[in-house]
Amino acid sequence: MLSELPSMAKVVGVKQSKKVIRDGGAKRVFIAADAERRITDPIRTLCEEHDVEVIDVSSMRQLGETVGIAVGAAVVAVTE
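Source: prediction; values computed, not measured.

Rules of the game
Residues numbered from 1 in each chain as written. Predicted model: local features only at pLDDT ≥ 70, side-chain atom pairs only at ≥ 80, totals over all residues. Heavy atoms only, no water. Helix = DSSP H or I, 4+ residues; strand = E, 2+ residues; numbered from the N terminus. Buried < 20%, exposed > 50% of the residue type's maximum accessible area, 1.4 Å probe, protein only. Pairing = 2+ DSSP bridges. Axes fitted to C-alpha atoms, helices over the stretch in contact; angles between N-to-C directions. Contact = heavy atoms within 4.5 Å.

**Student:** How would you summarise the environment of E4 if you had to cite specific residues and measurements?
**Tutor:** One can find E4 in the segment before strand 1 (10-12). Taking the C-alpha atoms as reference points, E4 and V67, separated by 63 residues in sequence, lie 9.9 Å from one another.

**Student:** Got a sec to walk through unusual backbone geometry? Specific residues and values, please.
**Tutor:** If you check the backbone angles, D51 has positive phi at about 55 degrees while not being a glycine. Relative to the helices and strands, D51 is located in the loop between helix 2 (37-49) and strand 3 (53-57). The class of D51 is exposed, set by a relative accessible area of 71%.

**Student:** Got a sec to walk through the sheet that holds strand 3? Specific residues and values, please.
**Tutor:** As summarised here, the arrangement of the 4 strands in space is 1-4-2-3, forming an open sheet in which the pairing is mixed. Because the sheet does not close on itself, it has two edges, and the strands there are strand 1 and strand 3. Strand after strand, the sheet turns through a mean of 20 degrees between neighbouring axes, direction not considered. Relative to strand 3, strand 2 (residues 28-32) runs parallel, the two being bridged by 5 bridges. Paired with F30 across the two strands is I55, which belongs to strand 3. Its contacts with the sheet put helix 1 (residues 14-22) on strand 1, strand 2 and strand 4 (75-78), and the angle it makes with strand 4 is roughly 35 degrees. Along the sheet face, helix 2 touches strand 2, strand 3 and strand 4 and points at about 160 degrees away from the line of strand 2.

Okay, structure coming up:
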């Protein structure tokens, strides 16, 4: 599923992901396992509340590279 991420409509980052989850636009959310829990736990809770699938990714670096940014990413929300 991670290999399909570059071609999907998405938002990158915690703030943008929270907004799209709250607005009902997120289909699934990718969360980096090495991101700080104080950042990712609220996202996980929000996903549970809005019935959004969560997919764990091994690292922020891997998630960032997959979506084509030069830095790591803690959270990516797919919107399509």
